[in-house]
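The chain contents come next:
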Amino acid sequence: ATVVLGLRRALQRRYTAHQAWMQRCLCCLGSAVVIRISGGITTLAELDAAWIYPTMAWVSWLGPMAVLELLNVARSHASSEKNSLTRSREEREG
């Protein structure tokens, strides 16, 4: 779904939205790496509970996606603060 949404945004020439959807796609693809690493850690730690694999399956994609979305919010917030500071400075000088 993230690829389709990203492609649609690119075709609409909405490149910022396209970039955001492609980042989400990469995050979903990276979840395979995260689940392999977490599976290796649980194997080494000899954890065999029935709930571990289903939990790690969810955490492997929700964790990176949450980090990505938090970074996007932080970037957006920093950008809006920078823009408001620039406008304030221009108003004082102009």
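Trainee: Explain the packing of aromatic side chains to me, using residue names and the numbers behind them.
Mentor: Overall, the coordinates contain one aromatic pair when judged by the stated rule. Of note, Arg24 hangs over the ring of Trp21, and the distance from its end group to the ring centre comes to 4.4 Å.

Trainee: Describe the layout of surface pockets, listing the residues and the values that go with them.
Mentor: Of the voids in this model, the largest pocket is the one considered here, and its volume is about 160 Å³. Forming the boundary of the largest pocket are Thr16, Gln19, Ala20, Gln23, Asn72 and Arg75. Within the residue set of the lining of the largest pocket, elements represented by two or more residues are helix 2 (15-44) and helix 3 (52-93). Here the residues of the lining of the largest pocket sort into one nonpolar, four polar and one charged.

Trainee: A description of unusual backbone geometry should follow, citing residues and the corresponding values.
Mentor: In the Ramachandran plot, Arg13 falls in the positive-phi region, its phi being about 60 degrees despite a non-glycine side chain. For Arg13, the location among the structural elements is in the loop between helix 1 (2-11) and helix 2. Taking relative accessible area as the criterion, Arg13 reaches 63% and is therefore assigned exposed. The residue Glu46 is not glycine, and still its phi comes out positive at about 55 degrees.

How each quantity is defined
Residues numbered from 1 in each chain as written. Predicted model: local features only at pLDDT ≥ 70, side-chain atom pairs only at ≥ 80, totals over all residues. Heavy atoms only, no water. Phe/Tyr/Trp six-rings, centres within 6.5 Å; stacked < 30°, edge-to-face > 60°. Lys NZ or Arg CZ within 6 Å of the ring centre and 35° of its normal. 1 Å grid on protein atoms, 1.4 Å probe; cavity = no way out; pocket = protein on both sides within 12 Å on 5 of 7 lines; lining within 4 Å. Points joined across faces, edges and corners; volume = space filled by probe spheres on them. Helix = DSSP H or I, 4+ residues; strand = E, 2+ residues; numbered from the N terminus. Nonpolar A, V, L, I, M, F, W, Y, C, P; charged D, E, K, R; others polar. Buried < 20%, exposed > 50% of the residue type's maximum accessible area, 1.4 Å probe, protein only.

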